[in-house]
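Observations on the three-dimensional arrangement
Here's the letter readout for the chains.
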Amino acid sequence: MNTILASAIQRIRNIVRSIVTRSAAISGDDLFYDNYIEVKSFYVKRYGSIPSVLFINHMNTSEVLHYLLSGTAGKILQVYQRSYYNWKDQKKEFSLSILELEGAILIELGRDYAEILFPQEANLRAETILESIIGFRIAKQEGQHQIYIINSTGYGLDLKPLNIQPSELDLDLYYNDDFIEVDAKIQERLLKEQDKGIVLLHGLPGTGKTTYLRYLIGRVKKKVLFLSPSVAGNLMNPDFMDLLIEHPNSILVIEDAENIILDRTYQSNHSVSNLLNLSDGLLSDCLNVQIICTFNSALHLVDPALLRKGRLIAQYEFGKLSVDKAKQLAGKLNIETTIDAPVSLAELLNPAATNYEPKKTQVMGFRRVLATN
């Protein structure tokens, strides 16, 4: 038994010696990343050990910094800071701060996050510091609406809140008459708790899809998650599923979703299957996620499974305004222009803008099949 214990102790010593040796070998270049200190490498260099980490985001780090510098959370030994000059507000602001506290604790403050690095024996103290700064969360301003951008970080997928200005939009004035009934159906379902399904909004560029989306976001009460097509292509990624589990009963918005919803006859990826699972599969019963996809392609290119009753909340093709509707809107907005043919919303609202048409080129291979089917 003594031999086994002695062997285990020796292995631990070897591991510690290896960590210390590697930390001593870290050069100055290894300590810097993105123009400043990489805090984990710095910790290993400074203390010769691997730290435990606590991470919290959506923080007002200016207030956190002010609080920590007061010494309330512990004595500050050193502050390392990268700053920049804000020309708009004409003042210096920090973009990254690293605070060294007694007890081998480092705290990194970025633009909207705090990261606490500490030895395991200081776990209770680190959690106390975390609890003391939770109150400095970024507050949502009164009267503002937010969407949450899903972005990739070193810790997986994360939500970044963005404030948007909701628009007061007279749908009867800005869109053709057949859209009013569709909008009523969409709002009824999106306002319903614990619901699921897909909304498909498509049509030529400039016909008002994004304008309507901005209006719609201001009307719903649920959390709206915005996905770029690149992230949406990995809908069943474990990190993505963890994110949805943490934010059920949400609305996912995917703009420019052509590559996500394309008929599986034309492509061999799992995007459509993933959407089906989220909108009407077993997962949908647990997550209650509703999905809005906007795209410019024709509806016949969409996978038929997405159009099935029970899964599809609504679909609408935004087209050019009729002559009568366009004249009515132009008169209301005091736009002086001649209207003798259907016109898109963008063309009507920007009559003096130059329309740059791309040169037509011969389309080959796969894209040509899509264009001719």
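Heads up: these notes are all about the structure in this document. Small disclaimer: the values here were computed from a predicted structure and weren't measured. Within any chain, residue numbers begin from 1 and follow the written order of that chain's sequence. Under the rules for a predicted model, residues below a pLDDT of 70 receive no local features and side-chain atom pairs below 80 are neither given nor counted, while totals for whole chains, interfaces and linings still include all residues. Computation of side-chain values: all heavy atoms of the structure, hydrogens and water removed.

This brings us to the overall build of the protein chain. Helix and strand counts for the protein chain come out as 15 helices and 14 strands. Each residue's exposure class comes from its accessible area (1.4 Å probe, protein chains only) as a fraction of the maximum for that residue type: buried when under 20%, exposed when over 50%, partly exposed otherwise. In the protein chain, which comprises 373 residues, the proportion classed as buried is 43%. Within the protein chain, contacts between residues at least 6 apart in sequence are counted, and of these 66% link residues at least 24 apart. Each accessible area is a Shrake-Rupley estimate made with a 1.4 Å probe; only the visible protein chains count as cover when residues are assessed. As presented, the protein chain carries roughly 21,500 Å² of accessible surface, and 52% of it is formed by carbon and sulfur atoms. Helix and strand assignments follow DSSP, with helices taken as H or I runs no shorter than four residues and strands as E runs no shorter than two, numbered in order from the N terminus. Contact definition: two residues touch when any of their heavy atoms are within 4.5 Å.

Here we have 5 strands laid out as an open sheet, ordered β3-β7-β6-β5-β4, and antiparallel in their pairing. Edge positions in the sheet fall to β3 (52–57) and β4 (76–86), since each has one partner strand and no second. Geometrically, the sheet is characterised by an average inter-axis angle of 15° between neighbouring strands, direction not taken into account. Two strands qualify as a pair provided that DSSP identifies no fewer than 2 bridges between them. In the sheet, strand β6 (residues 105–109) pairs with strand β7 (residues 113–118) via 4 bridges, with the strands oriented antiparallel. Residue pairing for β7: L109 is matched across the bridge by A114. Interaxial angles span 0 to 180 degrees and are taken between N-to-C directions of axes, which are lines fitted to C-alpha atoms, for helices over the stretch in contact. Together, β3, β5 (91–101), β6 and β7 form the strand contacts of helix α4 (residues 123–133), whose direction differs from that of β7 by roughly 165°.

Turning next to the pairing of strand β12 (residues 251–254). What you see with β12 is no split at all: I251 and V253 on one side and L252 and I254 on the other are buried throughout. In this sheet, β12 lies alongside strand β11 (residues 224–227) in parallel orientation, the contact comprising 4 bridges. What sits directly across from L227, in β12, is I254. Where β12 and strand β13 (residues 290–295) come together, 4 bridges link them in parallel fashion. Looking at β13, one finds that I251 is bridged to Q290.

Next up on the list: the side chain of T294. Topologically, T294 is positioned in strand β13. Look past the residues within four positions of T294 in its chain and what remains in contact with it is L201, L213, I254, E255, D256 and A257.

The next thing to look at is the nonpolar core. What we call a nonpolar core is a set of buried Ala, Val, Leu, Ile, Met, Phe, Trp, Tyr and Cys residues that are connected through their side-chain atoms within 4.5 Å. Among the nonpolar cores identified, the biggest contains 36 residues, and Y175, F179, I186, L201, Y212, I292 and L348 are the most heavily contacted of them. Put simply, the parts of the chain that give this core at least two residues each are α5 (171–174), α6 (179–190), β10 (197–203), α7 (209–217), β12, β14 (312–318), α13 (323–332) and α14 (345–349). Per-element tally for this core: the top contributor is α7, with 5 residues. Aside from chain neighbours lying at most four places away, what touches Y175 is L169, T207, G208, T211, Y212, F318, L321, K325 and L345. In this structure, I261, V289, A305 and L312 belong to the second largest nonpolar core, which totals 30 residues.

The phi dihedral of A104 is positive, around 60°, even though this residue is not glycine. Relative to the elements of secondary structure, A104 occurs in the loop between β5 and β6.

Quick look at the packing of aromatic side chains now. Aromatic ring pairs are described here by two measures, namely the spacing of the ring centres and the angle between the planes. Pairs were defined over the aromatic rings of Phe, Tyr and Trp, the Trp ring being its six-membered one, requiring ring centres within 6.5 Å. Orientation was assigned from the angle between planes: stacked under 30 degrees, edge-to-face over 60, tilted for the rest. As enumerated under the stated definition, the model contains 13 aromatic pairs in all. Ring geometry for Y175 versus F179: centroids 5.1 Å apart, planes at 50°, classification tilted. A relative accessible area of 0% places F179 in the buried class. Their ring planes at 35° and their centres at 6.1 Å tell us that Y212 and Y215 sit as a pair that is tilted. Of the two residues, Y212 and Y215 are both situated in helix α7; the distance of 3 residues between them amounts to about one turn of the helix. The exposure class assigned to Y212 is buried, which follows from its relative accessible area of 0%. The rings of Y175, F179, Y212, Y215, Y316 and F318 are connected pair by pair, giving a single aromatic cluster.

This part takes up the pairing of β7. For β7, a buried count of 5 out of 6 residues is recorded, marking the element as mostly surrounded by other parts of the structure. Count of turn residues in the β6/β7 antiparallel hairpin: 3 residues.

Let us look at α6. The length a helix should cover is 1.5 Å for every residue beyond the first. The end-to-end C-alpha separation of α6 is 16 Å, in line with the 16 Å expected for 12 residues at 1.5 Å each. Within the span of α6, buried status applies to F179, V182, D183, I186, Q187 and L190. Burial along α6 is one-sided: seen end-on, the buried residues are contained in an arc of 130°. Facing away from the buried side of α6 by over 90 degrees, the exposed positions are E181 and E188. On the buried face of α6, the contacting elements are α5, β10, α7, β12, β13 and β14. The directions from the helix axis to the C-beta atoms form the arc being described.

Turning to helix α2 (residues 39–47), a few remarks are in order. Of the positions making up α2, those classed as buried are V39, S41, F42, Y43 and V44. Looking one or two places after α2, you find G48, whose phi comes out positive at around 70°.

Further remarks concern the environment of I150. Relative to the assigned elements, I150 resides in strand β8 (residues 145–153). A C-alpha to C-alpha distance of 9.1 Å links I150 and L243, two positions 93 residues apart in sequence. When near neighbours in sequence (up to four residues on either side) are disregarded, I150 contacts L157, D158, L159, L225, F226, L227, V231, F240 and L243.

The subject of this paragraph is the pattern of salt bridges. A carboxyl oxygen of Asp or Glu within 4 Å of a side-chain nitrogen of Lys or Arg is what we treat as a salt bridge. Under the criterion given, the structure shown has 6 salt bridges. One salt bridge in this structure joins E115 and K40, with 3.2 Å as the shortest N-O distance. Residue E115 is located in strand β7, and its partner K40 is located in helix α2; the two are separated by 75 residues in the primary sequence. Note on K40: relative accessible area 31%, which makes it partly exposed. K325 is the partner of D172 in a salt bridge, and the nearest nitrogen-oxygen pair spans 3.9 Å. Taken together, the residues D172 in helix α5 and K325 in helix α13 connect sequence positions 153 residues apart. Shared partners join several salt bridges into a network, and the residues in it are D172, D177 and K325.

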